[in-house]
Amino acid sequence: MSSTALLCFISLCSCFSMGAFSPLLPEIGRAGALADWQLGVVAGALGFARMATAIPSGWLAGRHLGTTLCASPVLMLAGTLLLAASSSFAMLVLGRLILGFAYTLGTVSGLIALLLDDRGPGASVRLNIFEFAAMIGVLGGLGLVGLLPGHWGWSLSLLAASSPLLLILAAVPSIRRRFPDASRAPETRVSRTSDARGGDRMSVTLWTMFAVGIVLALAWSAVSQFLLPLRGTREFGLDRSGVSGLLMLGQLVDLVALLPVGRLADGLGRTPVLGVVIVVLGLSTAAIGVGSFQWFVAGCACFGFGMAGWMLPVGVIREHTRTEHLAWRLGLYRVGVDAAMFLGPFASGLLGEENARIFVTAVGGLALVVGGRLLVTARRRRAAEV
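No experiment lies behind these values; they were computed from the predicted model shown.

Participant: Lay out the overall build of the protein with the relevant residues and their values.
Facilitator: Looking only at helices and strands, the protein features 16 helices and zero strands. For 386 residues, the compact-globule formula gives about 21 Å, and the C-alpha radius of gyration of the protein, at 20 Å, lands near that figure. In terms of principal-axis extent, the alpha carbons of the protein reach across some 55 × 50 × 30 Å. A sequence separation of at least 24 residues applies to 86% of the contacts in the protein between residues at least 6 apart. With the model as given, the accessible surface of the protein reaches about 14900 Å², and the carbon-plus-sulfur share is 68%. The average position of the 29 basic charges and that of the 19 acidic charges among the side chains of the protein differ by 5 Å.

Participant: Now, about the state of the cysteines: what can you tell me, with residues and values included?
Facilitator: This structure, assessed with the given rule, holds zero disulfides. With no disulfide of its own, Cys-8 lies 11 Å from the sulfur of Cys-15, the closest cysteine sulfur. Of all cysteine sulfurs in the structure, the one in Cys-13 sits closest to Cys-15, which takes part in no disulfide; the separation is 9.5 Å.

Participant: Lay out the nonpolar core with the relevant residues and their values.
Facilitator: Counting residues in hydrophobic clusters, the biggest one holds 110 residues, and the most contacted among them are Ile-175, Phe-179, Val-212, Leu-228, Ile-278, Phe-303 and Trp-310. Broken down by element, the residue count for this core peaks at 16 residues, all from helix α11 (residues 204-234). Apart from residues lying up to four places away in sequence, Trp-310 is in contact with Glu-131, Leu-216, Ala-217, Trp-220, Tyr-333, Arg-334, Val-337 and Met-341.

Participant: Outline the environment of Phe-21, listing residues and values.
Facilitator: Residue placement: Phe-21 occurs in helix α2 (residues 16-32). The spacing of Phe-21 and Leu-60 is 39 residues in sequence and 28 Å in space, taken between C-alpha atoms. When near neighbours in sequence (up to four residues on either side) are disregarded, Phe-21 contacts Ile-28, Val-42, Ala-43, Leu-83, Arg-96 and Gln-225.

Participant: Any chance you could break down the packing of aromatic side chains for me, citing the residues and the numbers?
Facilitator: Tallying each qualifying case throughout the model produces seven aromatic pairs. An angle of 70 degrees between the planes, with centres 5.7 Å apart, marks the rings of Trp-37 and Phe-89 as edge-to-face. Taken together, the positions of Trp-37 in helix α3 (residues 36-63) and Phe-89 in helix α5 (residues 89-116) put the pair 52 residues apart, joining distant regions of the chain. Take Phe-89: its relative accessible area is 24%, and that puts it in the partly exposed class. Ring geometry for Phe-342 versus Phe-346: centroids 4.9 Å apart, planes at 20 degrees, classification stacked.

Participant: Any details on the side chain of Ser-22? Residues and values, ideally.
Facilitator: By secondary structure assignment, the location of Ser-22 is in helix α2. Residues contacting Ser-22, with those up to four places away along its chain left out, are Ser-224, Gln-225, Pro-229 and Leu-247.

Cut-offs and rules
- Residues numbered from 1 in each chain as written.
- Predicted model: local features only at pLDDT ≥ 70, side-chain atom pairs only at ≥ 80, totals over all residues.
- Heavy atoms only, no water.
- Helix = DSSP H or I, 4+ residues; strand = E, 2+ residues; numbered from the N terminus.
- Rg over C-alpha atoms; globule rule 2.2 N^0.38 Å.
- Contact = heavy atoms within 4.5 Å.
- Areas by Shrake-Rupley, 256 points an atom, 1.4 Å probe, with all protein chains shown as cover.
- Lys, Arg positive; Asp, Glu negative; His and termini not counted.
- Charge placed at Lys NZ, Arg CZ, Asp CG, Glu CD.
- Disulfide = S-S within 2.5 Å.
- Core = buried A, V, L, I, M, F, W, Y, C linked by side-chain atoms within 4.5 Å.
- Buried < 20%, exposed > 50% of the residue type's maximum accessible area, 1.4 Å probe, protein only.
- Phe/Tyr/Trp six-rings, centres within 6.5 Å; stacked < 30°, edge-to-face > 60°.

So this is what it looks like as structure tokens:
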């Protein structure tokens, strides 16, 4: 198995539990008699932990890559068990915090391993293959939760849907052999110091990619981790399988679009492709926020296409960053992205479902502004080249 394939396997198995959580959110709220703000805190705790641990995870992964890749599934399993056994609001939050740290450790480690193995013009496709594996995992978690018996409690359903984590634990010896700690840092540092064309400073392009990542994460977390399952259940009368079906619809569109979007980005440039993707994301987010049921469903489908651009900012950051600074800069990028993952459901929960619809629609408007700016920038560059 190649390094990329092994990383994709880890990503796939890790994301089942992430996909399983959202459809269970209404049941978690009913079982614990939680208010909307408490549901927002539970959902947002994962993003908060990811934000708080992004830079330490980048530092650890840059020096102990194999160890961090192996530690991530162990922590993830511990967080899932604690979450499923929780009988109080505080324990639910603690379980989600542990899961957030585990996800960050695995994601940052996987991206660093993949980017250090960057080999030129196919970089966007390889990043999207990595994301493709994660989306299959999320889709698998959604599908399992939708198929499990309705009389199963949310705890048992979560444990069953998260069981692929055990496959990663079985693969730990292979992971250690393929990714020994700090094995690539010295040779890569020597051979790639000129790759980033002076990429040791934060340029306008890098700051723009940070902003794009934040918008993507804010939209994803507010929609999938809060508004979509609650609005689908309370306003449109959907059950667990109905909510899972809508979330799966977006994931399926994401899966279908991921590789074509990566190839277009390699052929046409990442900026114009990213601009189109973010505009679609903005329109679909607004439809999910305030649309009727038909627009709500259409928004879920188009939302998946918007998520197909998730890895494009990372590719641009790699282009403009020296290898010795990659772990630090990727950790810094994840701080912004994960802060948005925390803010999306947390702010939505504080606002309540009705006001959260306005908040999500505003996020869609922000995405339209950012996407439009990217398209204008790409057009100006093309005109200047001509």
